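Okay, here's what each chain looks like letter by letter:
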Amino acid sequence: MTTTTAPRVTTPPPGFVMPDFGDTRGPVPGSAPAHGEQSVPAGVAAYQGRRKMAFICSKGNLDMAYPALIMGNAALGEGIEVHIFFTFWGLDMINTRTNDRLKFTLSGNTAMHMPDLGRLRPGLEHVSMPQAMGNLPGMTSFATRMMKKQMEDLDIPTVPEFLDLLAASGAHLYACRLTYDMMKIIEADLHPAVEGVISASDFIEIAEGAQIIFV
Amino acid sequence: MPTNTLNGRTFEVDAEGFLTRRDDWDEELAQDLAAFIGVELDEPHLAPLRFMREDSATTGVTPTLRRMQSVGGFTVKDLFALYPGKPAKKMAWLAGLPKPVGCV
C-alpha cells in the first residue's frame, strides 16, 4: 500500500502562518541577542543557553505548594528548563511522610471567603471569614478537605502526583541541605523524583541564567 | 483570519497558525505540517493526535498533557520524547485543534 511519493517539503512556504515552537531559538553565532537579553553589565558573560526558570519553594501549606508546581509545569510545557529547590517548610512538599497531608488554614488569611456563601445571601461570597474561626477545632481539616475537593474537581493532581508529573516532564527537583539536616529528614522519605540534597550555593550555580521565582 | 495555503489546499488559521475549523484537518495535512517541525508522523506520533481529536470532539477543548495521561493513557515522558520542547502545543497544532488553554 505504500506508494513512492516525493519527499515532503520541510520549510513552510512564504507567508505561511505557524506557531513559534522555539526549536530554532538559541544562540546563533554573530546574531543579535534575543529580546530581553540586551542589557548585560559590562564584564559579565551573558547566559547563552535556552530559557531557564528556577523556583524556590519555602512554604509547607497546601495552598502555597501549588503556585510553583503549576507554573513549573506550565514552563516545562513551553520547553523551558525547570529547576525547583525545596527549602524550609517547602521540604514538606517532597517528604513522602508529609506531602500528601499538607494543610490549608484560615488563620492569617484575610482573603478567605467562600463562593458558596453567595447562595445564602448575595454579596456574602466576598466577605472574609472572621479570623477567630480559623482557630476553632477541626477548622483546618475542614478547610483542607474543601480545598482538596475543589482541586480535584478541576482535575489538579495531588502534590505527590504533581511531582511525578513534573519529573516526567523533565523538571529537576532538589532538597535544601541545611533544612534537610536541621529537620533530620532521611533520604528514604524523600520523593523518588528528587535528584539530590544540595547546598544553597549549589543551587545558585545551577540557577545560572535562570529566572528565579521565590514562593 | 489569516489563511494558509499548502500543497494546493487553503485553510483558515488563527493569528498564531492554529487551524480554526477542525474539519479542515486530515492526517495528510498533519504529515505535511509535521515536516516543518522535523517530525515524521509514524504510529506512535499519530496515536496521541487521534486521541486529542476524539477527546476534544466531546469536551470541546484541547486536552492538556495531564489529561492525555490520566484519560488517554499516554505517559507524559513519552509525549515529551515524541514532541520535544513544547509537546502540547505541537500536538494541538498538528491535530488541527486550538492551542491548549488548561493550566494543568
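The present account deals with the structure reproduced in this document.

What counts and how
- Residues numbered from 1 in each chain as written.
- Chains lettered and ligands numbered in written order.
- Predicted model: local features only at pLDDT ≥ 70, side-chain atom pairs only at ≥ 80, totals over all residues.
- Heavy atoms only, no water.
- Helix = DSSP H or I, 4+ residues; strand = E, 2+ residues; numbered from the N terminus.
- Buried < 20%, exposed > 50% of the residue type's maximum accessible area, 1.4 Å probe, protein only.
- Contact = heavy atoms within 4.5 Å.
- Areas by Shrake-Rupley, 256 points an atom, 1.4 Å probe, with all protein chains shown as cover.
- Buried area = accessible area lost by both parts, 1.4 Å probe.
- Salt bridge = Lys/Arg side-chain N within 4 Å of Asp/Glu carboxyl O.
- Nonpolar A, V, L, I, M, F, W, Y, C, P; charged D, E, K, R; others polar.
- Expected span 1.5 Å × (residues − 1).
- Phe/Tyr/Trp six-rings, centres within 6.5 Å; stacked < 30°, edge-to-face > 60°.
- Disulfide = S-S within 2.5 Å.
- Pairing = 2+ DSSP bridges.
- Axes fitted to C-alpha atoms, helices over the stretch in contact; angles between N-to-C directions.
- Parallel < 35°, antiparallel > 145°, perpendicular 65-115°, else oblique.

**Examining the overall build of chain A**
1) Next: For chain A, the helix and strand inventory stands at 5 helices and 5 strands.
2) Next: Helices and strands in chain A line up, N terminus first, as β-α-β-α-α-β-α-β-α-β.
3) Next: Taken across its 215 residues, chain A has 37% of its residues classed as buried.
4) Next: Taking as baseline every contact in chain A between residues at least 6 positions apart, the subset at least 24 positions apart corresponds to 73%.
5) Next: With the model as given, the accessible surface of chain A reaches about 12,800 Å², and the carbon-plus-sulfur share is 59%.

**Brief notes about the environment of A132 of chain A**
1) Next: Mapped onto the secondary structure, A132 of chain A falls in the loop between strand 2 (81-86) and helix 2 (139-153).
2) Next: Sequence separation between A132 of chain A and R8 of chain A is 124 residues; the distance between their C-alpha atoms is 68 Å.

**As for the interface of chain B and chain A**
You'll often see interface size given as the accessible area lost when the parts meet.
1) Next: The interface of chain B with chain A comprises 32 residues on the first partner and 29 residues on the second.
2) Next: Of the roughly 2,500 Å² buried at the junction of chain B and chain A (both faces included), carbon and sulfur atoms supply 60%.
3) Next: Interface area lost by chain B to chain A is led by F36, R66 and K86 of chain B, which between them contribute 27%.
4) Next: Along the contact surface separating chain B from chain A lie 4 salt bridges.
5) Next: A salt bridge links E161 of chain A to R66 of chain B; the nearest nitrogen and oxygen atoms lie 3.3 Å apart.
6) Next: Where the side of chain B that touches chain A is concerned, the elements lending two or more residues are strand 1 (3-6), helix 1 (27-36), helix 3 (65-70), helix 4 (76-82) and helix 5 (87-94) of chain B.
7) Next: Here the element with the most residues in the side of chain B that touches chain A is helix 1 of chain B; it accounts for 6 residues.
8) Next: When its residues are assigned to classes, the side of chain B that touches chain A shows 17 nonpolar, 6 polar and 9 charged.

**Thoughts on helix 1 (residues 62-77) of chain A**
1) Next: In a regular helix each residue adds 1.5 Å, so 16 residues correspond to 22 Å; helix 1 of chain A covers 23 Å between its end C-alpha atoms and thus fits that length.
2) Next: Regarding helix 1 of chain A, the residues found buried are L62, A65, Y66, A68, L69, G72, N73, A75, L76 and G77 of chain A.
3) Next: Packing partners of the buried residues in helix 1 of chain A comprise strand 1 (52-57), strand 2, helix 2 and helix 3 (159-168) of chain A together with helix 4 and helix 5 of chain B.
4) Next: Where helix 1 of chain A ends, the next residue or the one after it, G79 of chain A, has phi of about 80 degrees, a positive value.

**Observations concerning the packing of aromatic side chains**
All names here are of chain A.
1) Next: Scanning all chains against the criterion turns up 7 aromatic pairs over all chains.
2) Next: Judged by centre distance (5.9 Å) and plane angle (80 degrees), the ring pair of F88 and W89 falls under edge-to-face.
3) Next: Looking at F88, the relative accessible area reads 35%, which means it is partly exposed.

**Quick word on the side chain of S58 of chain A**
1) Next: Along the chain, S58 of chain A turns up in the loop between strand 1 and helix 1.
2) Next: Setting aside residues up to four positions removed in sequence, S58 of chain A forms contacts with T87, F88, W89, G90, F214 and V215 of chain A.

**A closer look at the state of the cysteines**
All names here are of chain A.
1) Next: All told, the structure shown has 0 disulfides over all chains when counted by the stated rule.
2) Next: Left without a disulfide partner, C176 is nearest to the cysteine sulfur of C57, which lies 12 Å away.
3) Next: Residue C176 is classed as buried on the basis of its relative accessible area, which comes to 6%.

**Concerning the pairing of strand 3 (residues 172-176) of chain A**
All names here are of chain A.
1) Next: Counting buried positions along strand 3 gives 4 out of 5 residues, so the element sits mostly inside the fold.
2) Next: Relative to strand 3, strand 2 runs parallel, the two being bridged by 4 bridges. Across the sheet, the residue bridging to H83 is H172, located in strand 3.
3) Next: Pairing analysis gives 4 bridges linking strand 3 to strand 4 (residues 194-198), with the strands arranged parallel. Bridging across to strand 4, Y174 finds its partner in G196.

**As for the packing of helix 2 (residues 43-59) of chain B against helix 5 of chain B**
All names here are of chain B.
1) Next: Axis separation between helix 2 and helix 5 bottoms out at 9 Å; the angle between their running directions is 70 degrees. By the angle class used here, helix 2 and helix 5 are roughly perpendicular. For the pair formed by helix 2 and helix 5, the contact residues are P48, L49 and M52 on the first element and A88, M91, A92 and L94 on the second.
2) Next: When its residues are assigned to classes, the contact of helix 2 with helix 5 shows 7 nonpolar, no polar and no charged.

Read these as geometric descriptors, not functional statements.
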